Amino acid sequence: MQGYAITVVASPVEGAALALADPPAAVVADLWMPGISGVQLCRLLGAEPATERVPVILRGPEGDRHSRFWAERAGATAYVGQGRMGDLVRALSVAIAANPTTDSFMQLVGEGEHDIRDRIAAHLDAALFESVLASEVRALSVCGNFVRLFDLLSQFVARVTSYRWLAVHTEHPQWLGLHTHPAARQRSEQEARRALAPLLPTGMSGSPSLSTIPVVAVEDEDAYADPVGAPPILFPIKLGLEVIGTVALAPREQPHAKDIELVSIIARELAGPLRIAALVEESQRFATIDSLTCLMNRRAFTASALREISRSQRHGNPLCLLLMDVDHFKNINDRRGHPSGDAVLTAIGQLLGKELRKADFSGRWGGEEFVVALTETPAASGLGGAERIRAAIAAMAVRDTAGELIPVTVSIGLAEHRNGDNVDSLIKRADRAMYEAKSSGRNRVVRESSLPTPAPAGGDRQAA
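A.B. asks: Would you mind going over empty space enclosed by the protein with me for this structure?
C.D. replies: If a probe the size of a water molecule is rolled over the atoms, the empty space left behind becomes visible. Applying the stated criterion across every chain yields a total of two cavities of 30 Å³ or more. Every residue lining the largest cavity is listed: Phe146, Thr170, His172, Pro173, Trp175, Ile244, Leu274, Arg275, Ala277, Ala278 and Glu281. Per-element tally for the lining of the largest cavity: the top contributor is helix 9 (residues 271–288), with five residues. The residue inventory of the lining of the largest cavity, partitioned by class, reads seven nonpolar, two polar and two charged.

Take a look at the structure:
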């Protein structure tokens, strides 16, 4: 009555064959049918190029939320209650108007039941493959940091396919994970950087060069050391509309047929775990970093110093600790304002970050006090390092809120690690030396061992 040419078939297999042979304007089927369900029919037609745009309207029990949910998840254009002919006609009208076709309907060809079932089985296998891969990648959300995440990802991918190298680059923060054979490390890194370089954002101020991005390398024989292979497969990692990184896989000379699909699934599912790892790392960093100076806070420095003291005691390596205090800092705050005082502390934090070796570490001990650990450094060398820091701070050009230069100097106390020292005793001796530096004129370095040994408690009373 509505002017449609209708073909009715007795089984879903026959209907699927008709649709694949001559794509219709629309397909109407029950959700639950013997042999092939409406869900499977939707998946089959949606996966075939000839019928991927053919609307499928599924019928089921009226008001059954379970059936409606599965119809929507299968990709059905609409779900209507059985017997609701008005709803069915309206759904047909909307679906066909949105997907106009030139033919009125379809005609039967020699597509057998065996072929249709094979196609459905193949699509179900592909869906299972995708589901398992997606589940494995999503499970990486519990890793908490990029290093652990990439290590587990490389172990997983190496079980699924063979490759020369696997790389993951992230934008914020900047990381480059690389899984490679130990014998091919240098070549793999060069190839990965070349492959990923064109995908970096350009024209953005402050965008780092790929050559400066730190590499997290996993080197083992799960990757292959082949000198040549097929071109790398690259997919962007997207979180919504934002590109947050890239996955790249360098296949061997004969890539596996599913390598492209594998990398595509990894890229699609990796965004969530990467963002969670970045958030966890950022929260951990905020918990250990002083927000004003970007140095370690007191708790983080104490933990690092404790590890370094244990290492020094175990291996006999020298260790020096510097405790420094900004001279006349209260006057800076009182006369120039607290923002100017903050500018001084920030400048000292930046200077320490530049002046120290990678093996050394520093922190804000509290207020205007800073602490520095010089690892594997005897006292004589520590004095030289402390003098360089003192001179560099005195030469800084820090301006107050009015644009005027602020004279900045520090008094530094140095203590060398002794057997039996802990963090508190080492800090206490450095603090004594720093107090002496301030008492003797400020803007100087004093070594704790050059001071007279304090008299034992009660010693004066005994002498009397």
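A.B. asks: How should the sheet that holds strand 9 (residues 319–326) be read in this particular structure?
C.D. replies: Sheets are built from strands that pair by backbone hydrogen bonding, the pairs being arranged parallel or antiparallel. Strand order in the open sheet formed by five strands is 10-11-9-14-15, and the pairing between neighbours is mixed. The strands lining the two open edges of the sheet, one partner per strand, are strand 10 (361–366) and strand 15 (445–447). Each strand axis lies, on average, 20° off the axis of its neighbour in the sheet, ignoring direction. Judged from the seven bridges that link them, strand 9 and strand 14 (residues 410–416) form a sheet pairing that is antiparallel. Bridge pairing in strand 14 links Asp325 to Ser411.

A.B. asks: Where do I start with the pattern of salt bridges in this structure?
C.D. replies: Pairing between side chains becomes possible if they bear opposite charge and their charged atoms approach one another. What the rule picks out here adds up to 26 salt bridges. The closest approach of N and O atoms between Asp151 and Arg148, which form a salt bridge, is 4.0 Å. Of this pair, Asp151 and Arg148 both sit in helix 6 (residues 146–160), three residues apart, which is roughly one turn of the helix. Under the relative-accessibility criterion, Arg148 is labelled partly exposed at 42%. Notably, a salt bridge pairs Arg252 with Asp226, separated by 2.7 Å at the nearest N-O pair.

A.B. asks: Help me understand a nonpolar patch on the surface, please; the structure alone is not making it clear to me.
C.D. replies: A grouping of Tyr4, Ile6 and Val8 is seen on the molecular surface, where their side chains present a nonpolar patch of about 340 Å² in accessible area. With respect to the element layout, Tyr4 can be found in the segment before helix 1 (12–21).

A.B. asks: Looking at this structure, how should I read the side chain of His181?
C.D. replies: Examined against the element boundaries, His181 turns out to sit in the loop between strand 5 (175–180) and helix 7 (185–196). In terms of polar contacts, His181 uses its side chain to reach the backbone amide nitrogen of Ala183, at 3.0 Å. Setting aside anything within four residues of it in sequence, one finds His181 in contact with Arg164, Asp220, Glu221, Ala223, Tyr224 and Ala225.

A.B. asks: Explain the packing of helix 8 (residues 259–269) against helix 9 here, please?
C.D. replies: The description of two helices packed together rests on the angle between their axes and the distance between the axes. Taken N-terminus to C-terminus, the directions of helix 8 and helix 9 make an angle of 40°; their axes are 5 Å apart at the nearest point. The orientation of helix 8 with respect to helix 9, classified from their angle, is oblique. For the pair helix 8 and helix 9, the contacting residues are Ala267, Arg268 and Glu269 in the first and Ala271, Gly272 and Pro273 in the second. For the contact of helix 8 with helix 9, the class distribution of residues is three nonpolar, one polar and two charged.

Definitions and limits used
- Residues numbered from 1 in each chain as written.
- Predicted model: local features only at pLDDT ≥ 70, side-chain atom pairs only at ≥ 80, totals over all residues.
- Heavy atoms only, no water.
- 1 Å grid on protein atoms, 1.4 Å probe; cavity = no way out; pocket = protein on both sides within 12 Å on 5 of 7 lines; lining within 4 Å.
- Points joined across faces, edges and corners; volume = space filled by probe spheres on them.
- Helix = DSSP H or I, 4+ residues; strand = E, 2+ residues; numbered from the N terminus.
- Nonpolar A, V, L, I, M, F, W, Y, C, P; charged D, E, K, R; others polar.
- Pairing = 2+ DSSP bridges.
- Axes fitted to C-alpha atoms, helices over the stretch in contact; angles between N-to-C directions.
- Salt bridge = Lys/Arg side-chain N within 4 Å of Asp/Glu carboxyl O.
- Buried < 20%, exposed > 50% of the residue type's maximum accessible area, 1.4 Å probe, protein only.
- Patch = residues over 30% accessible without salt bridge, like charges linked within 9 Å, V, L, I, M, F, W, Y side chains within 5 Å.
- Areas by Shrake-Rupley, 256 points an atom, 1.4 Å probe, with all protein chains shown as cover.
- Polar contact = N/O pair within 3.5 Å; in protein donor to acceptor, adjacent residues only side chain to side chain.
- Contact = heavy atoms within 4.5 Å.
- Parallel < 35°, antiparallel > 145°, perpendicular 65-115°, else oblique.

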